[in-house]
Amino acid sequence: MATADERGNGIHIGSVRGAFAIGDHNTVTHNEGAAVPAGDPAQEELLRAVRALRDDLSRAVESPQITALSGELAETETEIADTGAAGPGRLARLRTALADAGAVVGLLASGAAVTQAVAALVGG
């Protein structure tokens, strides 16, 4: 939607914030702000296990314990994705939610994986 300026040129850009490309076959990569820290393999394993358990729990019969665990799993996933790691407080809350929903978690391989990943990160 550009109009020609007095020199006959068709593009005029007053100011730009972010990234843009002009022309065919361009690729733009824009990284703003601080980079997310490089992933700790133990945290990455926890993230994979959390995602698998969330998926499995979506098919489980709802209960207060399952609802609480699903919430903690979602918050854990967000924290790891945003900061690169789940902090000690988050791990403690997740561990409690896993214990509270133990009857269902114990039946799921993904539940065992999350439990083991948390134990590895908190030391036992």
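For the structure, see preceding data.
Residues numbered from 1 in each chain as written. Predicted model: local features only at pLDDT ≥ 70, side-chain atom pairs only at ≥ 80, totals over all residues. Heavy atoms only, no water.

Attention now moves to the packing of helix 3 (residues 88–100) against helix 5 (residues 109–122). In contact at an axis separation of 10 Å, helix 3 and helix 5 are set at 145 degrees when each is read in the N-to-C sense. With respect to the hand of their crossing, helix 3 and helix 5 are arranged in left-handed fashion. Together, L91, L94, R95 and L98 of helix 3 and V114, T115, V118, A119, L121 and V122 of helix 5 make up the contact between the two elements. Taken together, the residues that form the contact of helix 3 with helix 5 break down as eight nonpolar, one polar and one charged. (Axes fitted to C-alpha atoms, helices over the stretch in contact; angles between N-to-C directions. Helix = DSSP H or I, 4+ residues; strand = E, 2+ residues; numbered from the N terminus. Left-handed = near helix turned anticlockwise from the far one by under 90°. Contact = heavy atoms within 4.5 Å. Nonpolar A, V, L, I, M, F, W, Y, C, P; charged D, E, K, R; others polar.)

Once that is clear, we can look at the environment of L73. For L73, the position within the fold is in helix 2 (residues 64–83). Distance in space between the C-alpha atoms of L73 and A97 is 9.0 Å, their sequence separation being 24 residues. Among all residues touching L73, those that are not within four sequence positions of it are V50, L53, R54, L57, L94 and V114.

Inspection of every chain in the model, using the stated rule, returns eight salt bridges. Here D56 and R59 are joined by a salt bridge, their closest N and O atoms 2.8 Å apart. As a salt-bridge pair, R90 and E79 come within 3.0 Å of each other at their nearest N and O atoms. Here the residue R90 occupies a position in helix 3, and E79 occupies one in helix 2, the gap between them amounting to 11 residues. (Salt bridge = Lys/Arg side-chain N within 4 Å of Asp/Glu carboxyl O.)

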